[in-house]
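Reading the structure
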Amino acid sequence: MNCKINRNAAKVINKMLETEEAQGKLIRVYVTEMHGNHAHYALRLDTPTEHDEIVKTDKGIDVLLDTREDFLDGVWIQYYYVPQEGFVITNSSKGHHGHH
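**Some words on unusual backbone geometry**
Here Val82 and Pro83 are connected by a cis peptide whose omega angle stands at 0 degrees. Examined against the element boundaries, Pro83 turns out to sit in the loop between strand E6 (75-80) and strand E7 (86-90).

Here is the structure:
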């Protein structure tokens, strides 16, 4: 499975991973909603399960992806400061639409 992270997202995720609650945990991307040909995603701290693949990214951050969820393969985690601060997680290989 594949996952990309932009530089801003890597900075924010590294800060999340440095907190005490993150001890021994990794970042998980998961699907919050399905809409036919695309999905909405979110992040959380979590521990691997038997169904997860630990995906290495080019930013040195390992990301948990559930191998049973096809929509997670190819996700791109981005973080923007403008127009509003927050993560934007997309998957161009699975189709998407304009709103975040």
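There's more to say after this.
**Overview of the pairing of strand E2 (residues 26-35)**
The side chains of a regular strand alternate between the sheet's two faces. Pairing analysis gives nine bridges linking E2 to strand E3 (residues 38-46), with the strands arranged antiparallel. Each bridged residue has a counterpart across the sheet, and for Val29 the counterpart in E3 is Leu43. Where E2 hands over to E3, the hairpin turn is made up of two residues, of which Gly36 adopts a positive phi near 65 degrees. Across two bridges, the pairing between E2 and strand E5 (residues 62-66) is parallel. Within E5, the position partnered with Arg28 by the bridge is Leu64.

**Re the pattern of salt bridges**
For side chains of opposite charge, pairing can occur when their charged atoms come near one another. The full count for this structure, using the stated rule, is six salt bridges. Linking Asp52 and Arg28 is a salt bridge whose minimum nitrogen-to-oxygen distance equals 2.7 Å. With Asp52 in strand E4 (residues 52-56) and Arg28 in strand E2, the pair connects residues that are 24 residues apart, well separated along the chain. Residue classification places Arg28 among the buried positions, given a relative accessible area of 6%. Notably, a salt bridge pairs Asp46 with Arg44, separated by 3.4 Å at the nearest N-O pair. Since its relative accessible area comes to 36%, Arg44 is described here as partly exposed. Each member of the salt-bridge network shares a partner with another, and the members are Arg28, Arg44, Asp46 and Asp52.

**Notes on the packing of aromatic side chains**
Using the criterion set out here, one finds two aromatic pairs in the structure. Considering the side-chain rings of Tyr79 and Tyr81, the 5.2 Å spacing of their centres and the 70 degrees angle between planes classify their relative orientation as edge-to-face. Look at Tyr79 and Phe87: their rings are 4.7 Å apart centre to centre, the planes differ by 80 degrees, and that puts the pair in the edge-to-face class. Its relative accessible area of 8% is what places Tyr79 among the buried residues.

Parameters at a glance
- Residues numbered from 1 in each chain as written.
- Predicted model: local features only at pLDDT ≥ 70, side-chain atom pairs only at ≥ 80, totals over all residues.
- Heavy atoms only, no water.
- Helix = DSSP H or I, 4+ residues; strand = E, 2+ residues; numbered from the N terminus.
- Pairing = 2+ DSSP bridges.
- Salt bridge = Lys/Arg side-chain N within 4 Å of Asp/Glu carboxyl O.
- Buried < 20%, exposed > 50% of the residue type's maximum accessible area, 1.4 Å probe, protein only.
- Phe/Tyr/Trp six-rings, centres within 6.5 Å; stacked < 30°, edge-to-face > 60°.

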